[in-house]
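Listed below are the residues making up each chain.
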Amino acid sequence: MDLRNRTLRASGFHSPERGTIDVLEDVLIDIDGNGRIAAVHRTGDPGYDVICREHDASGRLVTLPAGSYLLPGFVDLHVHAPQYPQLGNALDVPLEVWLQTYTFPLEARYRDLAFARRAYGLLVDDLLSNGTTTALYFATVHQEATRLLVDLCLEKGQRALVGKVAMDNVDECPDYYRDASPDAALDGTRALIDYIRSHPENAESRVLPVVTPRFIPSCTDATLEGLGAIAGECDCHVQTHCSESDWAHGYVLARYGLTDTEMLDRFGLLRRRTVLAHGNFLTADDLEMIRVRQSAIAHCPLSNAYFANAVFPLRAALEKGLHVGLGTDISGGPSASMLENCRGAILVSRMLQTGVDPRLEADARSTFGPAQINFRDAFHIATAGGGIALDLPVGQFTPGYKFDAIVIDTDADGGTVRLWDDLDHAENILQKIVYTASSANIAAVWIDGEQRSGSGI
Ligand code: GUN
Ligand code: FE
């Protein structure tokens, strides 16, 4: 159901601040004609009963059924759209082998627009049905296929940030898949920015352009410098991979004698609205520089387990006040579900804290120190944290924010959440949703107040 110009009466959860869940009980959310949240009224607020009665009488009130809970839509902070066809394949080789053997050949196929249309259409539909209302996408080097991804996001209504991948270093990129020159990488980037900003269907800027150097190893200095200049001139989002694996981190140290973060800063790429994927091997100085620049990190727990051989110290980053969101890293991670990635983030944080070698005594099994996060932190980074990282008004039910939301139906056919009336209350219900819900439980998905997936309410 279209919720623009309506009031939704619902119970649910959001987490505007890290570490706490705001439990919404029977709130009234006024949604304006543009799909923005105009007001949130809680039971007991002056006027609540009158608003309820009047909106009910005028037919404006929409009420969520019992057993259904409203959550902010998920913000997936790191997705390789072209890699969706290989989701769940080829996770048994190191990153640099995976790129050359599987990933670059697959991405090269997006010169074929029919293939691109099929793969991108399926991806956007599947992410929407998994409750992802905002996605930060790497596309490919190709201009046309990347424009098609933009068109599909606009057509299907997903909030998206899309980057043409820049990669022109002949030493690291194959002949069959790279930008022909720095000028080709830079011109292609500028052309996509213009395409997105002047798109006739994009007057509300639901799709935004992103300056996207794949990672430092795949780019020449001229391209990195040029992209930094474009990011400044066009005031664009930036995304790249940063200190992801031993190999990638070591490559940059060997090429420059400095870390990824230091080099990205020198190239003008470390800005507010820069999203650095992974960041497993960031030094303390790197973290501080990222904090000062107000850049963000996309934590990709499932992908890191396969390709990084390390766990990102999420808790330390959150305690330091860094902007952090959650990413599936399709297809470095084998799941398109942000809920599964929430669970992954919790799980790996536990392992980082406790260590995993059973031959060692418990107190000698890890030297890392406190690292454990809980469902509140995971839910926060999957929603509000992602919105803050992107500097977009999404991920929370706050007046002025966009009504991007999902409904979890805990009674859904084929669903995987089991609530017990006498056991489950308030935050506990969210805990069970984070740990056990699946796409069958996602009954409705709205972006800017318009329903984009689900059978609805
Ligand atoms: N580093 C450079 N390219 C990629 C990619 O496609 N996926 C991941 N996980 N890391 C990368
Ligand atoms: Fe990635």
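In case you missed it, the structure is sitting above this.
These numbers come from a predicted model, not from an experiment. (Residues numbered from 1 in each chain as written. Chains lettered and ligands numbered in written order. Predicted model: local features only at pLDDT ≥ 70, side-chain atom pairs only at ≥ 80, totals over all residues. Heavy atoms only, no water.)

## As for the overall build of the protein
What the protein contains, in helices and strands, is 15 helices and 17 strands. The C-alpha radius of gyration of the protein comes to 22 Å, within 12% of the 23 Å expected for a compact globule of 457 residues. By the burial criterion, 58% of the 457 residues in the protein qualify as buried. Once local pairs closer than 6 in sequence are excluded, the contacts in the protein between residues at least 24 apart make up 74%. Total accessible area on the protein stands at roughly 17400 Å², and carbon and sulfur atoms take up 48% of it. (Helix = DSSP H or I, 4+ residues; strand = E, 2+ residues; numbered from the N terminus. Rg over C-alpha atoms; globule rule 2.2 N^0.38 Å. Buried < 20%, exposed > 50% of the residue type's maximum accessible area, 1.4 Å probe, protein only. Contact = heavy atoms within 4.5 Å. Areas by Shrake-Rupley, 256 points an atom, 1.4 Å probe, with all protein chains shown as cover.)

## Some points on the side chain of N202
You can see N202 is positioned in the loop between α5 (182–197) and β10 (207–213). Accessibility expressed as a relative area gives 5% for N202, which makes it buried.

## As for the coordination of the iron ion (ligand 2)
At this site the iron ion (ligand 2) is bound by H78 (NE2), H80 (NE2), H241 (NE2) and D329 (OD), with donor distances of 2.1 to 2.3 Å. Mapped onto the polypeptide sequence, the residues donating to the iron ion (ligand 2) form the spacing pattern H-x1-H-x160-H-x87-D. Of the two residues, H78 is situated in strand β6 (residues 74–80) and H241 in strand β11 (residues 237–242); the sequence distance between them amounts to 163 residues. Across this residue pair, the class does not change: H78 and H241 are buried. (Donors = N, O, S within 2.8 Å, 3.2 Å for Na, K, Ca; no water.)

## Notes on the site of ligand 1
Inspection of the region around ligand 1 gives H80, Q83, L95, W98, L99, R214, F215, H241, E244, H278 and D329 as its neighbouring residues. Separating an oxygen atom of ligand 1 from a side-chain N or O atom of R214 is a distance of 2.7 Å. Between ligand 1 and E244, the relevant distance is 2.7 Å, taken from a nitrogen atom to a side-chain nitrogen or oxygen of the residue. In the complex, the protein chains occlude 100% of the 280 Å² of accessible area that ligand 1 would expose alone. Ranked by the residues each element gives to the shell around ligand 1, the list is headed by helix α2 (residues 95–108), at 3 residues. (Near = heavy atom within 4 Å. Polar contact = N/O pair within 3.5 Å; in protein donor to acceptor, adjacent residues only side chain to side chain.)

## A few points about the nonpolar core
Counting 60 residues, the largest nonpolar core has F13, L71, V211, L269, V324 and L430 as its most contacted members. The residues touching L71, leaving out its near neighbours within four places in the chain, are F13, F379, F397, A405, I406, I408, L430 and I433. Y84, F115, I196 and A336 belong to the second largest nonpolar core, which has 31 residues in total. (Core = buried A, V, L, I, M, F, W, Y, C linked by side-chain atoms within 4.5 Å.)

## Some words on unusual backbone geometry
A cis amide bond links I330 with the next residue in sequence, S331, at an omega value of 0°. As for its position among the elements, S331 is in the loop between β14 (323–326) and α12 (338–354). Its identity is not glycine, yet Q294 carries a phi of approximately 60°, on the positive side. Along the chain, Q294 falls in the loop between α9 (284–293) and β13 (296–299). For Q294, a relative accessible area of 41% translates into the label partly exposed.

## So, the pairing of strand β5 (residues 68–72)
Successive residues of a regular strand alternate their side chains across the two faces of the sheet. Extensive coverage of β5 is indicated by the burial of 5 of its 5 residues. By the bridge criterion, 5 bridges tie β5 to strand β15 (residues 405–409) in an arrangement that is antiparallel. Counterpart to P72 in the pairing with β15 is A405. (Pairing = 2+ DSSP bridges.)

## Focus on the layout of surface pockets
In this structure, the largest pocket spans a volume of roughly 160 Å³. Counting only elements with at least two residues in the lining of the largest pocket, the list comes to β14 and α14 (384–390). Considering only residue class, the lining of the largest pocket consists of 5 nonpolar, 4 polar and 2 charged. (1 Å grid on protein atoms, 1.4 Å probe; cavity = no way out; pocket = protein on both sides within 12 Å on 5 of 7 lines; lining within 4 Å. Points joined across faces, edges and corners; volume = space filled by probe spheres on them. Nonpolar A, V, L, I, M, F, W, Y, C, P; charged D, E, K, R; others polar.)

## With respect to helix α7 (residues 246–256)
Within α7, burial applies to A248, H249, Y251 and V252. The arc that holds the buried residues of α7, viewed along the axis, is 155°, so those residues lie on one side. Here the buried face of α7 lies against α8 (260–266). (Arc of directions from axis to C-beta.)

## Some points on the pairing of strand β1 (residues 7–14)
With respect to burial, β1 is a largely interior element, 6 of its 8 residues being buried. Sheet topology note: the β1/strand β4 (residues 61–63) ladder contains 3 bridges and is parallel. When the sheet's bridge partners are listed, T7 is paired in β4 with L61.

## Overview of a nonpolar patch on the surface
On the surface, L347, M351 and V356 cluster together into a nonpolar patch covering about 300 Å² of accessible area. Residue class for L347 comes out exposed when judged on its relative accessible area of 52%. (Patch = residues over 30% accessible without salt bridge, like charges linked within 9 Å, V, L, I, M, F, W, Y side chains within 5 Å. Salt bridge = Lys/Arg side-chain N within 4 Å of Asp/Glu carboxyl O.)

## Some remarks on empty space enclosed by the protein
Going through the model one piece at a time under the given rule, you end up with 2 cavities of 30 Å³ or more. In this structure, the largest cavity encloses a volume near 110 Å³. Of all the elements in the fold, those that place two or more residues in the lining of the largest cavity are α2 and α10 (301–307). Looking at the lining of the largest cavity, the element that brings in the most residues is α2, giving 3 residues.

## A few points about the pattern of salt bridges
Applying the stated rule across the entire model yields 28 salt bridges. With a closest N to O distance of 2.9 Å, R359 and D357 form a salt bridge. Relative accessible area serves as the criterion here: at 73%, R359 is assigned to the exposed category. When its relative accessible area of 22% is taken as the criterion, D357 is described as partly exposed. Taken together, the shared-partner salt bridges connect D2, R4, R159, E204, R206, D404, D448, E450 and R452 into one network.

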